[in-house]
Amino acid sequence: MSDCIFCKIIGGQIPSSKVFEDEMVYAFRDIEPMAPVHVLVVPKVHIPSADGVNTENSAYVARIFEAIPQIAAAEGLTNGYRVITNCGEDGCQTVKHLHFHILGGKKLPETMA
Ligand code: 5GP
Ligand code: ZN
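Along every chain, residues carry numbers that run from 1 in the direction the sequence is written. The naming scheme follows written order: chains are lettered A onward, ligands numbered 1 onward. Under the rules for a predicted model, residues below a pLDDT of 70 receive no local features and side-chain atom pairs below 80 are neither given nor counted, while totals for whole chains, interfaces and linings still include all residues. Based on all heavy atoms of the structure, the side-chain values leave hydrogens and waters out of the count.

### Comments concerning the coordination of the zinc ion (ligand 2)
Part 1 of the argument: Water is absent from the atoms considered, so a metal site may look incomplete; donors are defined as N, O and S atoms within 2.8 Å of the metal, or 3.2 Å for Na, K and Ca. Looking at the zinc ion (ligand 2), one finds its protein donor set to be Cys4 (SG), Cys7 (SG), His46 (ND1) and His97 (ND1), positioned 2.1 to 2.3 Å from the metal centre.
Part 2 of the argument: When four donors show all angles between 85 and 135 degrees the site is tetrahedral, when four or six donors have opposite pairs over 155 degrees and all other angles between 65 and 115 it is square planar or octahedral respectively, and in every other case it is irregular. Coordination at the zinc ion (ligand 2) comes from four donor atoms whose angles at the metal span 104 to 116°, giving a geometry best classed as tetrahedral.
Part 3 of the argument: Motif for the zinc ion (ligand 2), donor spacing along one chain: C-x2-C-x38-H-x50-H. In terms of burial, Cys4 and Cys7 fall into one category: buried. Only protein chains enter the calculation, and the probe is 1.4 Å; a residue is then buried if its accessible area is under 20% of its type maximum, exposed if over 50%, and partly exposed in between.

As structure tokens, then:
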């Protein structure tokens, strides 16, 4: 999608701090980190949110979850981490391209809502 920030990051039109890439997945550091490690993992196709996952594109989600342990290991997250996806208005999703936050590097707060 031409007006999507994350599509532009994947395409290289907007610079990012890349931590992982393969043919289906791109991962980069969040511009406003909320933990010592804060990585965003995105599919290389425009899926608007978790609510847009279907049988046609779910292989991208599977590949993302194969990449996450590799990224976590490379980031030194040996004591655990959190994976979050915000979805839609009530989920406070601000960028409308499916992404998974990897947060770690400290003991995270227990509260989720
Ligand atoms: P959401 O609120 O949609 O779950 O998360 C969007 C995330 O994208 C936020 O944590 C925000 O800091 C991050 N973000 C927004 N624009 C950019 C950008 O241009 N570059 C990077 N690296 N992160 C961004
Ligand atoms: Zn996009």
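### Considerations on the site of ligand 1
Part 1 of the argument: Residue proximity to a molecule or strand is established when one non-hydrogen atom of the residue lies within 4 Å of it. Close to ligand 1 lie 16 residues, the nearest being Arg29, Asp30, Asn86, Thr94 and His101.
Part 2 of the argument: Pairs of N or O atoms within 3.5 Å make up the polar contacts considered here, provided that, within protein, one atom can donate a hydrogen while the other can accept it, and that residues adjacent in sequence are counted only when both atoms are side-chain atoms. In the environment of ligand 1, an oxygen atom lies 2.8 Å from a nitrogen or oxygen atom belonging to the side chain of Asn86.
Part 3 of the argument: With respect to ligand 1, the side chain of His99 contributes an N or O atom lying 2.9 Å from an oxygen atom.
Part 4 of the argument: Computed on the free molecule, ligand 1 has an accessible area of 520 Å², of which 83% lies beneath the protein chains in the complex.
Part 5 of the argument: Secondary structure elements follow DSSP: runs of H or I of four or more residues count as helices, runs of E of two or more count as strands, with numbering from the N terminus. No other element matches helix H1 (residues 5-11), which puts three residues into the shell around ligand 1.
Part 6 of the argument: In the scheme used here, Gly and all other residues not listed as nonpolar or charged are polar, with Ala, Val, Leu, Ile, Met, Phe, Trp, Tyr, Cys and Pro taken as nonpolar and Asp, Glu, Lys and Arg as charged. Looking at the shell around ligand 1 residue by residue, the classes come out as eight nonpolar, five polar and three charged. Per-residue and other accessible areas follow the Shrake-Rupley method at a 1.4 Å probe size, with only the shown protein chains counted as cover for residues.

### Focus on the pairing of strand S5 (residues 100-104)
Part 1 of the argument: With respect to burial, S5 is a largely interior element, five of its five residues being buried.
Part 2 of the argument: Burial along S5 is two-sided: the residues Phe100, Ile102 and Gly104 and His101 and Leu103 are all buried.
Part 3 of the argument: Strand pairing is defined by DSSP finding a minimum of two bridges between the two strands. Pairing geometry for strand S3 (residues 37-43) and S5, over five bridges, is antiparallel. Residue pairing in the sheet places Leu40 in a bridge with His101 of S5.
Part 4 of the argument: Where strand S4 (residues 81-84) and S5 come together, four bridges link them in antiparallel fashion. Each bridged residue has a counterpart across the sheet, and for Tyr81 the counterpart in S5 is Gly104.

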